[in-house]
Amino acid sequence: MRAGGGIPHPSHGSHRVQSLRRTLSYRDLLIYGLAYVSPFGVLQSLGFVWQESNGLIVLAYVLATVCMYFTAKSYALMTDTVPSAGSVYGFARHALGPFTGFIAGWMILLDYLLMPAYVYVFMAVALDALIPGVDRGIWILVLSGTTLGINWFGVRVSQRFNLSSVALQLVILAVLMLLSLVAIYHGKGNGALTLRPLYAPELYHAKSIFAATSLCVMSFLGFDAISTLSEEIKSDDRRVVGRAIVGVLFLSAALFAVLSWILGDLLSGFAIKDPAAAIYELVDWAIGPWLSLSIAWAMASFVGLASALPIQVGVARIMYAMGRDRQLPAVLAKIHPIHGTPTWACSSRP
Amino acid sequence: MISIAVALATRYHLDELTSIINFGALSGFLLLHVSIIVLFWFKGRSGRWVVHLLVPVAGIVVVLAVLSGMSSLAMTLGLSWLIVGFVYGTVLTKRRRTELTI
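Trainee: I tried to follow the overall build of chain B on my own but got confused; where do I start?
Mentor: Helix and strand content of chain B: 4 helices and 0 strands. The helix and strand sequence of chain B, counted from the amino end, reads α-α-α-α. Burial statistics for chain B: of 102 residues in total, 44% are counted as buried. Restricting to contacts in chain B with at least 6 residues of sequence separation, those with at least 24 account for 53%. As presented, chain B carries roughly 5,300 Å² of accessible surface, and 74% of it is formed by carbon and sulfur atoms.

Here it is in structure tokens:
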């Protein structure tokens, strides 16, 4: 009873363009999604979410998860039906026509094109904490130069890099959570794990929770990027992509909830100077400079690079799909030569 | 290049940059949900109202709620991008039509 039951695989829609190579498994998709979402993401927005939510940081993340669940579910449904490298662009084009499709693609390109800028800025914030006194602008130039160089020479970065980056981030987060708990039970913050980061009537303001939730939504962005790999799954079962999208959402939600709970109880009563650097200030004070330094170095090096790579994979797919339908100028389509192998920024694995 | 310029411009406004990115993603989500309702509920006359109507409608409500809480700067920049897209898209469609008639 599927409305779109008879839709051909979009990659066969055009004879001029070769299709993407199908090499990815469910596990690859999960890792790609987690690398994109970046488990460290929650640390960058910590200060802002804390301030906006008035301290109800866990509530904000829980609500954001619920919000994103509907979207993840819809993505899953659409990738089952219309697997398209263009993601929302492909879905909207199929359901609503070429013009709306173009607008959808255009709007997600805003997201995907600015994402690297966001990565540069947060890496610069980390370096700022490491080596104070240098303007963040200088760091951004250095960082973007480095990434450009890496992309130029090391485009065939393997899925292994994603995997090790995710693993390393999880290890650091585990250490952070453990030591935060120790600090809390030594009397810092709330002095114990409490329900205050989840709900406290005197802290609750609908408006501020709204604002905080919309910030938290940002931390989840990336699970949707899995849909851009729809044309590259190994298995013939298209539902793999949808399952991976929902899976990444739940995995990151669980992590964010636990992490923000612990950090929320630790943050209570702590005065944040610069919300962008809140995590460094907090860890410096509660645990020790060595850990905030490690986090900053991690953030400034592999975390940024690790999230920059999957972003390029995603944006290349959308441009590929839009270029395939001649919805973007040929110049843009040329940036990523469409060979049998996935495009230049892709996670083509050894 | 765009990324570097934007990064430089927003180096002390991480939260604003976040909102603009959010705007792009959320409008994509919006169209995703609309696509589902149109494709399955209306065109497909599906009876599965939970997945094909309730979930996307809930998704739309959520997206609109998050959008409404956005800073006016992010909103303005996001809408400008949308308008540029509209103009470009219209030109694109027109050109395609003339190409077809030729």
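Trainee: Which parts of the structure should I look at to understand the overall build of chain A?
Mentor: Each helix and strand in chain A was counted, giving 12 helices and 0 strands. Going from the N terminus to the C terminus, chain A shows its helices and strands as α-α-α-α-α-α-α-α-α-α-α-α. In chain A, which comprises 350 residues, the share counted as buried stands at 62%. Taking as baseline every contact in chain A between residues at least 6 positions apart, the subset at least 24 positions apart corresponds to 81%.

Trainee: Even after reading the chapter, I still don't get the packing of helix 2 (residues 41-53) of chain A against helix 9 (residues 239-267) of chain A, so can you show me in this structure?
Mentor: Helices that pack against each other are described as a pair by the angle of their axes relative to one another and the distance between those axes. All names here are of chain A. In the contact formed by helix 2 and helix 9, the axes pass within 11 Å of each other and the chain directions differ by 50°. Here helix 9 runs oblique to helix 2, going by the angle between their axes. Between helix 2 and helix 9 lies a crossing whose hand is right-handed. For the pair helix 2 and helix 9, contact is made by V42, L43, L46 and W50 and by F256, L259, L263, G264 and L267, respectively.

So, how was this worked out
- Residues numbered from 1 in each chain as written.
- Chains lettered and ligands numbered in written order.
- Predicted model: local features only at pLDDT ≥ 70, side-chain atom pairs only at ≥ 80, totals over all residues.
- Heavy atoms only, no water.
- Helix = DSSP H or I, 4+ residues; strand = E, 2+ residues; numbered from the N terminus.
- Buried < 20%, exposed > 50% of the residue type's maximum accessible area, 1.4 Å probe, protein only.
- Contact = heavy atoms within 4.5 Å.
- Areas by Shrake-Rupley, 256 points an atom, 1.4 Å probe, with all protein chains shown as cover.
- Axes fitted to C-alpha atoms, helices over the stretch in contact; angles between N-to-C directions.
- Parallel < 35°, antiparallel > 145°, perpendicular 65-115°, else oblique.
- Left-handed = near helix turned anticlockwise from the far one by under 90°.

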